[in-house]
Each structure stands twice: as structure tokens, then as C-alpha cells.
Amino acid sequence: MSLNRTSIQPGPRSSLSIISMIALLAGPFVTMLDSSIVNVALPQIARFTEAPLSETQWVASGYLLSLAVALAATAYLAKRFGTVRMYFLSLIGFTLTSALCALSPSLSWLVAARVLQGGFGAALVPLAMGMLMGKSRGQIPAAAGIVLFLAPALGPTLGGLLVHWAGWSSIFWINVPIGAIACFAVLRLPKGLGLPGDPQTRFDAFGFTLLAAGLALTTYGASRGAQYGWLTDLSWPFWSVGLSALGVYIAWALWQAEHPVVSLAPFTRPQSALALLLSTLTSVVQFAVPVLIPVFLQNLQGYSAMVVGLTLMPQGLVTGFSMVATSSVQKRLGLRNTVLLGLLLLALGSAGLLLVDVSTPLWVTALILCGRGFASGLIVQPLLSVLLGNLESREAADGNTLFNIAQRVGGTLGITLLVSYFQIREHFQVSRVVHMLGLSQISSGILAGLPSQARAQLAHAAITGFHEVIWVLIWACVLTFILAWLLHDPHRAAS
């Protein structure tokens with residue numbers, strides 16, 4: 001199927017009611033919130049379970065690994081049992097397992113409940129996205145854009161408040177009323193929404209094994225790579241085998257499988273493949289900064305996690321609102337020029353972070369992040385219209401699942417590589433200054449006793465390491481900008 005003017009032009013606003021929007025946004029919101037909110041509670045969970053933090057980390061890792069495995073089956077389950085039915089069952093399962101997490105008496109019970117929670121949560125984002133975009137011709141409704149970009153930024157702030165005032169179990173209890181309301185709202189969804197389900201759909205067991213193992217091992221290996229080093233025995237066997245399994249799956253799905261568990265056929269079209277690559281590169285540039293900025297603000301500027309979360313929150317709102325403006329911008333400039341403008345602004349916003357140092361006020365940092373958020377909104381909407389807007393209804397489940405897989409694998413690898421690079425460069429810069437000062441090592445006691453000029457030198461060294469990573473992001477924007485020139489612009493061609 002070739003791209004045409006109807007599939008690319010901004011479509012009308014979604015005809016879904018408010019109740020339907022609540023049903024389709026609550027699921028993605030709670031599962032994306034849960035990906036970031038738990039990290040804040042890990043120290044308190046460790047104290048409650050009397051377990052070391054290294055074991056408690058499985059509360060977060062188990063969820064992410066289970067989510068990656070279940071994501072491999074999402075497209076098949078949607079085609080086999082129907083989109084709305086699978087979304088409803090996933091939402092019920094996620095809500096119930098959230099309650100199990102809150103009631104867990106020990107770490108082993110909590111990890112097991114989190115694994116179940118991740119399995120149920122995997123389908124919520126791709127299925128909801130498919131139904132939302134199906135009603136708006138490949139466009140993300142404004143409310144959906146705000147929710148999807150606000151949830152990750154809201155996690156640390158909300159988590160800090162809940163843990164402080166109500167204890168660690170409250171970060172799971174909060175999902176229960178939201179999930180319950182969403183379940184009742186799903187019952188009011190209009191008929192004919194999503195795929196109806198086909199009992200004749202065959203399950204590709206070999207392909208599922210390859211894809212699930214590839215996603216899980218790559219995710220696990222990447223997390224350990226950032227922690228222990230990418231070439232150590234604790235990490236490289238996992239990510240190397242994981243990437244190999246994904247490579248074998250691609251070959252299997254394209255040339256051997258009659259009914260692959262996730263079809264790659266929609267992305268054999270050059271423009272769809274290009275949009276998938278561009279959206280993955282952009283996601284790395286987008287989400288690497290919210291990972292690095294908290295480290296910078298807490299370690300170098302001394303702010304609390306709650307204050308940092310409040311600083312990050314406005315960019316999520318701005319990103320969502322910029323997606324509202326994208327339709328009018330795209331009508332004036334065309335699809336390709338809108339993406340190019342967004343990438344240019346994203347590069348400039350990233351360059352603005354080169355001005356941030358230990359004395360930069362929080363409002364300045366927040367303003368720079370908002371500029372990056374506005375740029376991201378201009379990029380996401382047009383790329384998704386190319387990527388998913390021209391898919392037939394039968395291809396929607398595969399397209400949305402593959403988009404989420406690409407975001408997860410590409411984003412995880414890209415961001416963890418950047419975090420590793422940041423750690424290496426910061427350590428190098430700080431070690432250089434430590435050597436100049438004639439110190440053998442740095443500890444909090446030694447640091448407090450150093451002259452102010454020496455402490456300033458160490459802070460400047462750490463900032464230099466941070467800025468070196470920002471330059472990598474800027475060059476990534478430049479590369480993406482160059483590739484974006486290859487996008488077709490049917491709207492301009494037709495006019």
C-alpha cells in the first residue's frame with residue numbers, strides 16, 4: 001500500500017466520548033507510571049522486606065522483563081481474541097495484580113506479583129494506541145499525547161509524595177481505583193472499535209520464543225551493561241544473545257514464517273521503515289535527558305528527588321500541547337518540513353543544556369526542557385502518521401506492537417549506552433582534577449574539607465562530563481535531521 005494524501009493529512013478529532021477516552025488512556029497511564037514510580041520506593045521496600053537493595057532491584061527488573069516477554073504476544077492475542085477484549089482482560093489483570101503487589105508480605109511475593117503485573121501491562125499501550133489512532137486516522141488525540149508524555153515525568157514526583165506520606169504500598173494501591181474506573185469505562189466503548197478477533201489465527205510458537213527471548217535478554221543485558229560494564233561477563237552474554245535472537249526473528253518473520261507472531265510486512269515499505277528508524281532515534285534523544293538530568297540536579301545542585309520531579313513535569317505537558325499545534329503546523333509546512341522543524345528545535349533545545357551549570361536556576365532548566373518537549377511534539381505526530389496511519393485494520397496490531405518493541409529495544413540500548421558514556425566521561429574528568437589536586441580518592445568527608453576553589457573545580461569537571469553527553473545528543477539530532485530529508489511529503493506533492 002502506498003502512502004496517499006488521505007492517510008497522511010491530519011484527520012478529524014477523535015469521535016470517542018469522554019468515557020471512552022478515559023477507558024483508553026487510563027491503561028497506558030498506569031502502566032507507564034509504574035515503569036518509573038517504583039524506583040523511588042525501592043529503599044523503603046528494602047527496609048520492609050529486610051533484603052539488600054541488589055535483591056530489591058528485582059521489583060523493578062522483574063516488571064520490565066515480564067513486560068518485554070508479554071509484548072511479543074500482544075499482536076497475536078489482539079488478532080486472535082479481539083482488541084477490546086484483550087485490552088479489557090489486561091486492564092483487569094493489571095488492576096488485580098497491583099493490589100497483590102500492595103498486599104505482598106515478602107520480597108519473593110512482591111517480585112512474583114510484579115512479574116504478573118508486567119505481563120498484564122504489556123498490551124495496554126499498543127492496544128490503546130491502536131484504538132485511539134484508528135478513530136483519528138493515524139493522529140494521536142491531544143489528551144492522549146499529554147497523558148503519554150506526562151506519565152513518565154510524573155512518576156518520580158508522585159512516587160516521592162506517596163512513599164513519604166503513605167508508605168511504599170501506596171504506589172500500587174493508586175492503580176486500583178484508576179484501573180477499576182477504567183474497567184467500567186471499557187464496557188461503554190462503542191461497538192466495532194478495534195479488531196473483532198479471529199479464531200483461525202495461528203500462533204507462531206518458534207517466532208514467539210525468539211522474539212520474547214530477544215526482548216528479555218536485550219533488556220536485561222542493557223541494564224547490567226550500564227551497571228557493571230558492557231563487556232563484562234555479567235552483561236555481554238545477555239545482550240549479545242538477545243540481539244542475536246532478535247536478528248534471527250527478523251529473518252524468520254520476513255522469509256520463513258507463514259503467520260509470524262509479529263508481522264514485519266508493514267515495515268518493508270521504505271517510508272514506514274524510515275519513520276520507524278527516525279522515531280526510534282528521536283526517542284533516544286528525547287528520553288535520555290530525563291534520565292540524566294535528575295542525576296545532575298541531585299548530585300551537583302543538591303535538589304531532592306521531589307523537586308527534580310516537579311522540574312521535569314512541565315515538559316510532559318508542553319509535549320502534549322504541542323501535539324495539538326502540530327496539525328495546523330503540518331497543514332502550513334507539510335509533513336517533512338514539520339519533522340525537520342521539530343528536529344532543528346530539538347537540537348537547539350539540547351544545545352541549551354550546554355549552558356546549564358551548578359548555579360543555573362531550576363526555572364531556566366525547566367524552560368529549556370519545555371523547549372525540547374515542544375520540539376518533540378512536532379516530531380512524534382507526523383512520524384506516527386507515516387508509520388501507522390496507512391496501515392489496514394488487520395495490520396494495526398502488528399504495527400503498534402512493532403512500534404513499541406522498536407521504542408523499547410532502541411530506547412533501552414541507546415539510553416543505557418549514553419548513561420554508560422556519561423559515567424565514563426564524568427569519572428574521567430573528575431579523576432583528572434583529583435590527580436591535579438594531589439588526592440588519591442574522593443569521599444564526602446574529604447570533599448567537605450577541600451577549599452571552595454577545589455570543590456568548584458570538581459563540580460566543573462562533572463559538568464564537563466555531562467556536557468560531553470549533550471554533544472552526543474546534538475549530533476544524534478543532526479543525523480536524524482539528515483535522514484528526515486528522505487521523508488516523502490504527499491501533501492505537498494498533491495498540492
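Higher on the page you've got the structure.
Please read all numbers here as calculations on a predicted model, not as lab measurements.

Here we come to the overall build of the protein chain. Of regular secondary structure, the protein chain possesses 21 helices and zero strands. Taking all contacts inside the protein chain whose residues are at least 6 apart in sequence as the whole, residues at least 24 apart take part in 84%. Accessible surface for the protein chain amounts to roughly 21300 Å². Of this, 68% is attributable to carbon and sulfur atoms.

Its identity is not glycine, yet Glu 50 carries a phi of approximately 55°, on the positive side. Topologically, Glu 50 is positioned in the loop between α2 (18-49) and α3 (53-56).

Let us now look at empty space enclosed by the protein. Enumeration over the complete set of coordinates arrives at one cavity of 30 Å³ or more. By volume, the largest cavity is sized at about 60 Å³. What lines the largest cavity is a set of eleven residues, among which Ala 128, Met 129, Leu 132, Ala 144 and Leu 148 lie closest to the centre. Sorting the residues of the lining of the largest cavity by element identifies α2, α8 (124-134) and α9 (142-166) as the ones contributing at least two each. In terms of residue count, the dominant contributor to the lining of the largest cavity is α8 (five residues).

Moving on, we get to the nonpolar core. One broad rule of soluble globular proteins: the nonpolar side chains tend to lie buried together. Tyr 87 and Leu 211 are the most contacted members of the largest nonpolar core, which has 131 residues in total. If one sorts the elements of this core by residue count, α2 sits on top with 13 residues. Filtering out sequence-adjacent residues up to four positions away, Leu 211 remains in contact with Ala 72, Leu 246, Tyr 249, Val 261, Val 262 and Ile 405.

What follows covers the environment of Glu 258. Following the sequence through the fold, Glu 258 ends up in the loop between α13 (236-256) and α14 (270-299). Judged by its relative accessible area of 61%, Glu 258 falls in the exposed class.

Moving on to the packing of helix α4 (residues 58-71) against helix α12 (residues 205-228). In contact at an axis separation of 8 Å, α4 and α12 are set at 150° when each is read in the N-to-C sense. As summarised for this structure, α4 and α12 are arranged roughly antiparallel, according to the angle between their axes. When the axes of α4 and α12 are compared, the crossing they make is right-handed. Touching Trp 58, Leu 65, Ala 68 and Val 69 of α4 are Phe 208, Ala 212, Leu 215, Ala 216, Thr 219 and Tyr 220, all from α12. Taken together, the residues that form the contact of α4 with α12 break down as nine nonpolar, one polar and no charged.

Next up on the list: the pattern of salt bridges. This structure, assessed with the given rule, holds two salt bridges. Note that Arg 114 is salt-bridged to Asp 34, the shortest N-O span being 2.9 Å. Remark: Asp 34 occurs in helix α2 and Arg 114 occurs in helix α7 (residues 107-121); sequence separation between them is 80 residues. Residue class for Arg 114 comes out buried when judged on its relative accessible area of 1%. On the basis of relative accessible area, Asp 34 is assigned to the buried category, the value being 0%. Put simply, Lys 79 and Asp 398 hold a salt bridge, and the shortest N to O gap is 3.1 Å. With a gap of 319 residues between them, Lys 79 in helix α5 (residues 74-81) and Asp 398 in helix α18 (residues 393-437) connect regions that are remote in the sequence. Residue Lys 79 shares its accessibility class with Asp 398, and that shared class is buried.

Taken as a whole and judged by the stated rule, the model has nine aromatic pairs. Residues Tyr 76 and Phe 203 carry aromatic rings whose centres are separated by 4.9 Å and whose planes lie at 55° to one another, so their mutual orientation is tilted. Taken as a pair, Tyr 76 in helix α5 and Phe 203 in the loop between α11 (175-186) and α12 lie far apart in primary sequence, 127 residues in all. For Phe 203, a relative accessible area of 42% corresponds to the partly exposed category. In textbook terms, an aromatic cluster arises when at least three aromatic residues are bridged by ring pairs, as seen for Phe 48, Trp 168 and Phe 172.

Before going further, it helps to examine a nonpolar patch on the surface. Together, Trp 471, Trp 475, Val 478 and Ile 482 line one region of the surface with nonpolar side chains, adding up to about 450 Å² of accessible area. When you line up the elements, Trp 475 lands in helix α20 (residues 452-484). Residue classification places Trp 475 among the exposed positions, given a relative accessible area of 57%.

Tracing the backbone through its elements, the reader meets Phe 81 in helix α5. The sequence separation of Phe 81 and Pro 196 amounts to 115 residues, and the corresponding C-alpha distance is 7.2 Å. With sequence-adjacent residues up to four places away left out, Phe 81 is seen in contact with Met 86, Pro 196 and Gly 197.

Within the structure, Asp 34 has its side chain in polar contact with the side chain of Arg 114 (distance 2.9 Å). Leaving out residues up to four positions away in the same chain, Asp 34 has contacts with Tyr 63, Phe 94, Arg 114, Gln 117, Ile 171, Phe 172 and Asn 175.

Once that is clear, we can look at the packing of α2 against α4. Orientation of α2 relative to α4, taken along the N-to-C sense of each, is 155°, at an axis distance of 8 Å. In terms of axis orientation, α2 runs roughly antiparallel to α4. Facing α2, whose interface residues are Thr 31, Asp 34, Ser 35, Val 38, Asn 39, Leu 42 and Ile 45, α4 presents Val 59, Ala 60, Tyr 63, Leu 64 and Leu 67.

How each quantity is defined
Within every chain, residues take consecutive numbers counted from 1 along the sequence as written. Totals for whole chains, interfaces and linings use every residue, but because this is a predicted model, local features are given only for residues with pLDDT of at least 70 and side-chain atom pairs only at 80 or more, for both listing and counting. Only hydrogens and water are set aside when side-chain values are computed; all heavy atoms of the structure are taken into account. Numbering of helices and strands runs from the N terminus, with a helix taken as a DSSP run of H or I at least four residues long and a strand as a DSSP run of E at least two residues long. The contact criterion used throughout is that any non-hydrogen atoms of two residues lie within 4.5 Å. Areas reported here follow the Shrake-Rupley algorithm with a probe of radius 1.4 Å; residue values treat only the protein chains shown as occluding. Cavities and pockets are defined on a 1 Å grid built over the protein atoms alone: a cavity is a set of grid points where a 1.4 Å probe fits but cannot escape, while a pocket is an open set with protein on both sides within 12 Å along at least five of seven lines, and lining residues are those with an atom within 4 Å of any such point. Grid points are joined across faces, edges and corners, and a volume is the space filled by probe spheres set on the points. To form a nonpolar core, buried Ala, Val, Leu, Ile, Met, Phe, Trp, Tyr and Cys residues must be joined to one another through side-chain atoms within 4.5 Å. Buried, partly exposed and exposed residues are distinguished by accessible area as a fraction of the type maximum, computed with a 1.4 Å probe on protein chains only: under 20%, between the cut-offs, and over 50%, respectively. Only the stretch in contact is used when fitting a helix axis, every axis being a line fitted to C-alpha atoms; angles between N-to-C directions are given from 0 to 180 degrees. For classification, angles of less than 35 degrees are called roughly parallel, those exceeding 145 degrees roughly antiparallel, those between 65 and 115 degrees roughly perpendicular, and all remaining angles oblique. It is the rotation of the near helix from the far one that decides the hand of a crossing: anticlockwise by less than a right angle makes it left-handed, clockwise makes it right-handed. Polar here means any residue other than Ala, Val, Leu, Ile, Met, Phe, Trp, Tyr, Cys and Pro, which are nonpolar, and Asp, Glu, Lys and Arg, which are charged; Gly is therefore polar. For salt bridges, the criterion is a side-chain nitrogen of Lys or Arg within 4 Å of an Asp or Glu carboxyl oxygen. Any two rings among Phe, Tyr and Trp, with Trp reduced to its six-membered ring, count as a pair given centres within 6.5 Å; such a pair is stacked if its planes are under 30 degrees apart, edge-to-face if over 60, and tilted if neither. The residues that make up patches have over 30% relative accessible area and no salt bridge, and they are joined within 9 Å when like-charged or within 5 Å when they are Val, Leu, Ile, Met, Phe, Trp or Tyr. By the criterion applied in these results, polar contacts are pairs of N or O atoms within 3.5 Å in which, for protein atoms, one can donate a hydrogen and the other can accept it, and in which residues neighboring in sequence qualify only through two side-chain atoms.

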